[in-house]
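Analysis of the macromolecular model
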Amino acid sequence: MKKNLSYAPQNAWSSADAKTRQAMEKLSRRYVDFLSRCKTERETVEYVRKRLEKKGFSQDFSHDRVVRPLRGKAIFAARKGAMPLERGLSLLAAHVDTPRLDFKQRPLVEQPSVVQAKTHYYGGIRKYQWLARPLALHGIIVRENGEVLPVTIGEKEGEPVFCIADLLPHLAQKQVTQSVSEAFEAEKLNIILGHSIGAGTQKKAGDAPKDPVKTRLLEILHKKYAITEEDFITAELQAVPAGPARFVGFDKALVGGYGQDDRICVFCALEALLEAGATGRSMAVIFWDKEEIGSDGATGAASRFFQYCVEDLVRAWAKNVPVSQVFLETRAISADVQAALDPDYQDVHEKQNAALLGYGPCFSKFTGSRGKYGSSEADAEFFGSLRSLYNRHGVPWQTAELGRVDLGGGGTVALFLAAYGMHVIDLGPAVLSMHSPFELASCADIHTSWLAYRFFLESRIEYS
Ligand code: MN
Ligand code: MN
């Protein structure tokens, strides 16, 4: 047969038979459930830890399957493979944090008729997307005695939700002429928490007692949760879109939900780690926090946590092997999402090098911006080994860069792994409406990304 000389990526729906479509649907249903439960880094790490411990992963590194969480916000796990540890790890790295609105340390303000929580946004958001929609509160409150009160309000039926009001069109005539960044101010992202005042608070019409709504809210909070205003100072409260993830479209071929960047990769990587056959290198996953704000912090990719985990692993599994050798021999996938070609804004992409929904996981040989600045860029040899692996197994894949040159750009955790000298490339599904409260991903890409991660973990990829 004559070989096709030109290249075009393969649509993952087109190559999926009835059985594969069933598997896609099954995996996507579990993904929708995961996405609905895990909306913060703490919830995601807890979910991952529980799943791994159920499957026999131990915090004792002398075992063959190990797991180590850090402060409930980052987690490392590894499984022994067929090859010795001196040949390095097959590593999947993803992030568990997502853009959201964090409560300020002193959040409560009384405005006319309502009490609001002032917020400081976390990560890259388009501020207007957070207005006039139901929000849930997730997080923890640490009391003075050190006790930790977990908080999830606004997800279950019957529970109240919270909301930021938006300006009505009738009074927005000046606002609509402003630029988007001028029109939507961060200091106006104030979340309504309550409205009523206590009976008899106002002795007579015109009487204006100080902060009656806040006073009543604090009474309610104290009665219900035994907290005071000072407790908010030592809290981590995150406002996230309320409600579950959903299938989108008559064909239910897309998943819509909050936090798919990068929980779609966390989910696919976790499932791959649990199901991969131990036929290649030892396998590991690292799920970091803080990626959306630059990867700093103890639980972010710039910290030493991952290094400490690998050092302990080497001590337990391959005592006399230099840790540097394990790092240098490691093959890593930085599992993060790529921006899908937006059907309505196609001009911000360079179409030939843009990711399409439904065409399988997407490689990014490099990230960064303006002359590849800030990118770790993968070697063609490593990219080549994965290309041939996926072609051999019939896994659809594609390649893209983030937006037009000098127009787009962005980074992932790849460079923090590359700093150890390991082979690393970005590979993850395309997401539409990325960083919005309702991101979209293709069920075909969930399935093929999971497959791609699993084949990677099982492989014995080599090249000189
Ligand atoms: Mn990401
Ligand atoms: Mn992101």
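Notes on the structure follow. (Residues numbered from 1 in each chain as written. Chains lettered and ligands numbered in written order. Predicted model: local features only at pLDDT ≥ 70, side-chain atom pairs only at ≥ 80, totals over all residues. Heavy atoms only, no water.)

**Brief notes about the overall build of the chain**
The following threshold applies: Secondary structure elements follow DSSP: runs of H or I no shorter than four residues count as helices, runs of E no shorter than two count as strands, and numbering proceeds from the N terminus. Here the globule rule reads 2.2 Å times residues to the power 0.38, and the radius of gyration is calculated from C-alpha atoms. Residue burial is assigned from relative accessible area. The probe radius is 1.4 Å, only protein chains are included, and a residue is buried under 20% of its type maximum, exposed over 50%, and partly exposed in between. We call two residues in contact when some of their heavy atoms are within 4.5 Å. Computed by Shrake-Rupley with a 1.4 Å probe, the accessible areas treat only the displayed protein chains as cover when residues are assessed. Charged-residue counts in this description rest on Lys and Arg as positive and Asp and Glu as negative, His and the chain ends being excluded. To locate a charge, take NZ of a lysine, CZ of an arginine, CG of an aspartate or CD of a glutamate.
When helices and strands are tallied, the chain shows 10 helices and 19 strands. Taken against the 2.2 N^0.38 rule, which gives 23 Å for 464 residues, the C-alpha radius of gyration of the chain at 24 Å falls within 12% of a compact globule. Dimensions of the chain, computed from the C-alpha atoms along their principal axes, are close to 90 × 50 × 45 Å. Taking all 464 residues of the chain together, the buried fraction comes to 49%. In the chain, 77% of the contacts between residues at least 6 apart in sequence involve partners at least 24 apart. Taken as a whole, the chain presents about 22,400 Å² of accessible surface, with 52% of it coming from carbon and sulfur. Measuring between centres, the 58 positive side-chain charges of the chain sit 3 Å from its 56 negative side-chain charges.

**Here's the deal with the coordination of the manganese ion (ligand 2)**
Here is the rule we go by: For Na, K and Ca the donor cutoff is 3.2 Å, while for all other metals N, O and S atoms count as donors only within 2.8 Å; water does not appear among the atoms, so some sites may look incomplete.
Ligation of the manganese ion (ligand 2) by protein atoms is provided by Asp261 (OD), Glu292 (OE), Glu292 (OE) and His435 (NE2), these donors lying 2.1 to 2.6 Å from the ion. Along the chain, the residues donating to the manganese ion (ligand 2) are arranged with the sequence spacing D-x30-E-x142-H. Between the two metal centres, the manganese ion (ligand 2) and the manganese ion (ligand 1), the spacing is 3.4 Å, with aspartate 261 acting as a shared donor. With glutamate 292 in the loop between strand S12 (282-288) and helix H6 (305-317) and histidine 435 in the loop between strand S18 (430-431) and strand S19 (439-442), this residue pair connects regions lying 143 residues apart in the sequence.

**A word on the environment of tyrosine 121**
Within the element layout of this structure, tyrosine 121 appears in strand S5 (residues 114-122). In this structure the C-alpha to C-alpha distance between tyrosine 121 and cysteine 443, which are 322 residues apart in sequence, comes to 30 Å. Not counting the four nearest positions on each side in its chain, tyrosine 121 is found in contact with Arg100, Leu101, Lys127 and Ala186.

**Considerations on the packing of helix H1 (residues 18-37) against helix H10 (residues 443-458)**
Here is the rule: Note on geometry: axes are lines fitted to C-alpha atoms, helical ones only across the stretch in contact, with angles between N-to-C directions running from 0 to 180 degrees. Under this scheme an angle from 65 to 115 degrees is roughly perpendicular, one under 35 degrees roughly parallel, and one over 145 degrees roughly antiparallel; angles in between are oblique. All residues other than Ala, Val, Leu, Ile, Met, Phe, Trp, Tyr, Cys, Pro, Asp, Glu, Lys and Arg, Gly among them, are scored as polar; the first ten of these are nonpolar and the last four charged.
Orientation of H1 relative to H10, taken along the N-to-C sense of each, is 95°, at an axis distance of 9 Å. In terms of orientation, H1 and H10 fall into the roughly perpendicular class. Contacts between H1 and H10 pair Thr20, Ala23, Met24, Leu27, Ser28 and Tyr31 from the former with Cys443, Ala444, Ile446, His447 and Trp450 from the latter. Here the contact of H1 with H10 is built from residues that sort into eight nonpolar, three polar and no charged.

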